[in-house]
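Chains, contacts and geometry: an overview
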Amino acid sequence: MDPTPVATPATFNRYTTSHPPGADPGPRPYGSARATVRTRILIISDTHGVQLTTEPPPANVDAPSSPCTLHGHSASRSPFHYPLPEADVVIHCGDLTKRSTIEEYRSTAALLRGVRAPVKIVIAGNHDVSLHDSYYRERVASFSKDDRPDFGWLSRNLATNHDARTVIASSSPDDGIIYVEEGTHDVVLPNGASLRVYTSPWTPSYGGWAFQYNGPHAFDIPADADVAVTHGPPKGVLDYAASGDRAGCEHLFRAVEKARPRIHCFGHIHEAWGAYYGHWAEAPGVVGPDDTAMTEDDDPHDAYETFDSASVLSISSNRSLPQQLPPPQTLRYFDTSRSRRLEDITTIKLAPLIDSEDDTREKRARYAEYSALGCRPVDITMEGDIPVEKGQQTLFLNAAILDRRYKIAQFPWLVEIDLPMA
Ligand SMILES: [Zn+2]
């Protein structure tokens, strides 16, 4: 399993080497040279079986039949419309379906096939129960409606494990779809770049869904991973749920802080879509401010000096909107003078009762720009406006496309990054 790194567009899939969780992936097989290749990574998550919209914006975005919400930007297009920008690789951070039906898997496979990118790395999310082999075998195949009336839909429409895998995991190599579970993967892209990516569909237990754990979970992110792809957010960063809870995982945050991939992308908490440019406070390898498990000490109200909780209004209501979402809970791990929020739902959603005229003008301009591009672009090369250097900074991205009501609401990310040449 140590293929010679020769990649052509037709055969690149053969040059993916995967290492299971817990196994030492060793030094990366390609890409140790100093030369780098500029690479565009298109990142999406939580599409739940929806298709890209092709229609003009709906007249009334709050109508029940409307496929998307435009956050008041009625003159702009949907945030997720055809065609998506071209990229060298697409990453889907899970929740390919809403109810794990075969129609939803087919819809997602069609969506991925339609993106103009030669490689698409895909993980599952907690909704994709058919893809979780042991969950399917033990909890679904033997499922009884009497046991769980709330899961009644499962018995009627759920794709079988075999069918879901056939549609997603066994797509034609020409489609470029690489379905992976937990582990480290070395991929040679057709543009000549070497990508080392860590993936994990696992999230903390919440309601007994697929790929969920109770207690701790080992996220073995190798120190030389370029990108960490997980379904769930790390504790404290872009994980602020409308319920007011921080829904991310502390073990995941620890692993990311230790490995410091240049990008950590995820979804799961739809309303926490956004980007955070985290500049690490300590040099790589230095033990963080608190090496014990995160506790209530990390309560945001203690950790922030400048955060005024009264400014955070309900984000579940359409009319009221937080002026500012709380900053990362794990703020003391970051050098706050150099870290910053690039985007979150409050930077795109119009809030007529709160926004000044300037705010409104700026939001309209930004929304129109992303809408025209079909993405929110971020350049993290050393020449870019958000330079990310390995070990110094991590770009955190919550890439959920749908909002809490499962309507298309948020933009994909297009990240420009320099990767080692294979
Ligand atoms: Zn989701």
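A quick note: this is a predicted structure, and the numbers were derived from the prediction, not measured.

It is worth spelling out the overall build of the chain at this point. A tally of regular secondary structure across the chain gives eight helices and 16 strands. Sequence separation of 24 or more characterises 77% of the internal contacts of the chain that already satisfy a separation of 6 or more.

Within a beta sheet, neighbouring strands are joined by backbone hydrogen bonds and run either parallel or antiparallel to one another. Taken in spatial order, the eight strands of this open sheet run β1-β6-β7-β10-β11-β15-β12-β13, and their pairing is mixed. Only two strands of the sheet have a single partner each, and these edge strands are β1 (17-19) and β13 (340-344). Taken pair by pair, the neighbouring strands of this sheet meet at an average axis angle of 15°, ignoring direction. Relative to strand β10 (residues 227-230), strand β7 (residues 194-200) runs parallel, the two sharing four bridges. By the bridge assignment for β10, Ser200 is matched with Thr230.

The next subject is helix α5 (residues 250-259). Most of α5 is tucked away, with eight of its ten residues classed as buried. Within the sequence span of α5, burial applies to His251, Leu252, Phe253, Arg254, Ala255, Val256, Glu257 and Ala259. At its buried positions, α5 is contacted by β10, β11 (263-266) and β15 (393-398). Immediately beyond the C-terminal end of α5, within one or two residues, lies Arg260, with a positive phi of roughly 50°.

With that settled, consider unusual backbone geometry. A cis amide bond, omega -10°, links Tyr82 with the succeeding residue Pro83. Take Pro83: it is sitting in the loop between β2 (36-44) and β3 (89-92). Phi angles above zero are rare outside glycine, and Phe211 is one such case at about 50°.

Quick look at the sheet that holds strand β14 (residues 376-379) now. Taking strand neighbours across the sheet as the criterion, the six strands line up as β5-β4-β3-β2-β16-β14 in an open arrangement whose pairing is mixed. Looking at which strands have only one partner, the edges of the open sheet turn out to be β5 (177-179) and β14. Neighbouring strand axes in the sheet, compared pairwise and without regard to direction, differ in orientation by 25° on average. By the bridge criterion, eight bridges tie β2 to strand β16 (residues 413-420) in an arrangement that is antiparallel. Among the inter-strand pairings, Ile43 is bridged to a residue of β16, identified as Trp413.

Looking now at helix α1 (residues 102-113). With twelve residues, α1 extends 16 Å between its outermost C-alpha atoms, agreeing within 8% with the 16 Å of an ideal straight helix rising 1.5 Å per residue. Close packing links the buried residues of α1 with β3, β4 (119-122), α4 (161-169) and β5.

For the chain, mean pLDDT is 83; residues scoring 70 or higher make up 80% of the total. Confidence drops under a pLDDT of 50 for residues 1-12, and excluding neighbours within four residues, the segment shows 22 contacts in the predicted structure. Within the model, pLDDT remains below 50 along residues 291-322, and this stretch shows 40 contacts once partners closer than five positions in the same chain are excluded.

What follows covers the packing of α1 against α4. Running from amino to carboxyl end, α1 crosses α4 at an angle of 10°, the nearest separation of the two axes being 9 Å. By the angle between their axes, α1 is roughly parallel relative to α4. Touching Ile102, Tyr105, Arg106 and Ala109 of α1 are Asp163, Ala164, Val167 and Ile168, all from α4.

Our next topic: the environment of Thr101. In this structure, Thr101 sits in the loop between β3 and α1. Spatially, the C-alpha atom of Thr101 lies 8.7 Å from that of Asp128, the residues being 27 residues apart in sequence. In this structure, Thr101 is in contact with Asn157, Leu158 and Ala159, ignoring residues within four places of it in sequence.

Another aspect to go through is the pairing of β3. Neither face of β3 is open: one carries Val89 and Ile91, the other Val90 and His92, and all of them are buried. Both β3 and β4 contribute to a ladder of four bridges, which runs parallel. Across the sheet, Val90 pairs through a bridge with Lys120, a residue of β4. For the segment spanning β3, α1 and β4, crossover handedness is right-handed.

The next thing to look at is the environment of Val237. The topology assignment puts Val237 in the loop between β10 and α5. Classification of Val237 by C-beta neighbours within 10 Å gives buried; the count is 29. Sequence separation between Val237 and Asn398 is 161 residues; the distance between their C-alpha atoms is 8.9 Å.

Calculation criteria
- Per chain, the residues get numbers from 1 upward, laid out in the order the sequence is written.
- With the structure being a predicted model, the display of local features is reserved for residues of pLDDT at least 70 and the display and counting of side-chain atom pairs for 80 or more, all residues being used for whole-chain, interface and lining totals.
- Only runs of H or I of at least four residues qualify as helices and only runs of E of at least two qualify as strands under DSSP, and these elements are numbered from the N terminus.
- Note on contacts: each residue gets a C-beta atom placed from the backbone, and two residues are in contact if those atoms are within 7 Å.
- Two strands form a pair only when DSSP identifies at least two bridges running between them.
- Only the contacting stretch of a helix is used when fitting its axis, a line to C-alpha atoms as for every element, and angles between N-to-C directions run 0 to 180 degrees.
- Neighbour density around each residue's C-beta defines its exposure: 20 or more other C-beta atoms within 10 Å make it buried, 12 or fewer make it exposed, and counts between make it partly exposed, where C-beta atoms are placed from the backbone.
- Here the expected span of a helix is defined as 1.5 Å times the quantity of residues minus one.
- pLDDT expresses how confident the predictor is about each individual residue, on a scale running from 0 to 100.
- Throughout this description, any angle smaller than 35 degrees is read as roughly parallel, any larger than 145 degrees as roughly antiparallel, any in the 65 to 115 degree range as roughly perpendicular, and the remainder as oblique.
- Consider the strands pointing away from the viewer: the crossover is right-handed when the path from the first strand over the helix to the second runs clockwise.

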